[in-house]
Amino acid sequence: NAGVTQTPKFRVLKTGQSMTLLCAQDMNHEYMYWYRQDPGMGLRLIHYSVGEGTTAKGEVPDGYNVSRLKKQNFLLGLESAAPSQTSVYFCASSYGGDQETQYFGPGTRLLVL
Amino acid sequence: QQQVKQSPQSLIVQKGGISIINCAYENTAFDYFPWYQQFPGKGPALLIAIRPDVSEKKEGRFTISFNKSAKQFSLHIMDSQPGDSATYFCAAGRTGFQKLVFGTGTRLLVSP
């Protein structure tokens, strides 16, 4: 039981490049989330999903797109990376209903030059 | 818009002392208040959570105190240990909405 895994662990991009971050969970959770963590800003919700095939915007969605084609996977895309997107990205999942605990992955550190 | 305000930003406590972290929220619809603990290089993990029907919840050395009228809640770590050194995030959410708003985090260092 791996929980929530994220790929890659670390990536360096040049401004304007694109990339996709992959999140996978093996807990059969309905809900999945993408956050970014920046110093002094805490965790901010980028996008989330309430089930397979659904996505919704969070607090800071601009510059990002997401897809949830399979229940266990949640992809975060950056179409044209900017230095302001340098951050640590965390994926999380939760069961739903009255089970509100969010389980986080280990994070992806992204540096945009 | 900062819906959950957390203080202090950083905290140094002697081993055996009490660590106190405070949070204040604005949205009176919030009814779920968890605390997450994050060690360096790891993702956050749920530490303890409270709902407004109780004013205090204790789990081992960790206690949440909740003041509904003041819209404030706090985390108390009794007998703080070096292994408690981590970043702590408070959060707030609404039952059924499955989304959380996080505070900005407190970096705790417990000196030996």
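Residues numbered from 1 in each chain as written. Chains lettered and ligands numbered in written order. Predicted model: local features only at pLDDT ≥ 70, side-chain atom pairs only at ≥ 80, totals over all residues. Heavy atoms only, no water.

Let us now look at the overall build of chain B. A tally of regular secondary structure across chain B gives zero helices and 11 strands. Counting from the amino terminus, chain B carries its helices and strands in the arrangement β-β-β-β-β-β-β-β-β-β-β. Since a compact globule built from 112 residues should have a radius of gyration of about 13 Å, the 13 Å found for chain B is in line with a globular shape. With respect to the three principal axes, the spread of C-alpha positions in chain B is 40 × 30 × 20 Å. (Helix = DSSP H or I, 4+ residues; strand = E, 2+ residues; numbered from the N terminus. Rg over C-alpha atoms; globule rule 2.2 N^0.38 Å.)

Here we come to the sheet that holds strand β8 (residues 73-78) of chain A. Residue and element names in this part refer to chain A. If you walk across this open sheet you meet the four strands as β1-β3-β8-β7, and the pairing is antiparallel. Edge positions in the sheet fall to β1 (4-7) and β7 (65-67), since each of these pairs with one other strand and no more. Adjacent strand axes in the sheet meet at a mean angle of 20° when their direction is disregarded. Of the strand pairs in this sheet, β7 and β8 are connected by three bridges, and their pairing is antiparallel. Counterpart to N65 in the pairing with β8 is G77. (Pairing = 2+ DSSP bridges. Axes fitted to C-alpha atoms, helices over the stretch in contact; angles between N-to-C directions.)

Between two cysteines, a covalent bond joining their sulfur atoms is known as a disulfide. Tallied over the entire structure, the rule returns two disulfides over all chains. Across the disulfide, C23 of chain A is cross-linked to C91 of chain A (sulfur-sulfur distance 1.9 Å). Measuring handedness by torsion sign, the sulfur bridge of C23 of chain A and C91 of chain A sits at about -75° and is left-handed. A residue pair is termed long-range when its members are at least 10 positions apart, and C23 of chain A in strand β3 (residues 19-25) and C91 of chain A in strand β9 (residues 87-94) qualify at 68 residues. What pairs with C23 of chain B in a disulfide is C90 of chain B, and their sulfur atoms sit 1.9 Å apart. The chirality of the disulfide connecting C23 of chain B with C90 of chain B is left-handed, given an S-S dihedral of about -95°. Of this pair, C23 of chain B sits in strand β3 (residues 19-25) while C90 of chain B sits in strand β9 (residues 86-93), and the two are 67 residues apart along the sequence. Comparing C23 of chain B with C90 of chain B shows no difference in burial state: the two are buried. (Disulfide = S-S within 2.5 Å. Buried < 20%, exposed > 50% of the residue type's maximum accessible area, 1.4 Å probe, protein only.)

What follows covers the sheet that holds β3 of chain B. All names here are of chain B. Ordered by their spatial adjacency, five strands build an open sheet running β1-β3-β8-β7-β6, and the pairing between neighbours is antiparallel. Of all the strands in the sheet, the pair left with one neighbour each is β1 (4-7) and β6 (56-59). Pairwise comparison of adjacent strand axes, ignoring direction, gives a mean angle of 15° for this sheet. As judged from the four bridges shared by β6 and strand β7 (residues 62-67), these two strands associate in the antiparallel manner. Looking at β7, one finds that E56 is bridged to S65.

Counting across every chain of the model gives 16 aromatic pairs over all chains. A centroid spacing of 5.8 Å and a plane angle of 65° characterise the contact between Y64 of chain A and Y89 of chain A, whose relative ring orientation is edge-to-face. One end of the pair, Y64 of chain A, is in the loop between β6 (56-57) and β7; the other, Y89 of chain A, is in strand β9, and 25 residues separate them in sequence. Judged by relative accessible area, which is 0%, Y89 of chain A ranks as buried. Taken together through their ring pairs, the aromatic side chains of Y33, Y35, F90 and F104 of chain A together with Y36, F89 and F102 of chain B make up a single cluster. Looking at R94 of chain B, its charged tip hangs above the ring of F97 of chain B, at a distance of 4.1 Å from the centre. (Phe/Tyr/Trp six-rings, centres within 6.5 Å; stacked < 30°, edge-to-face > 60°. Lys NZ or Arg CZ within 6 Å of the ring centre and 35° of its normal.)

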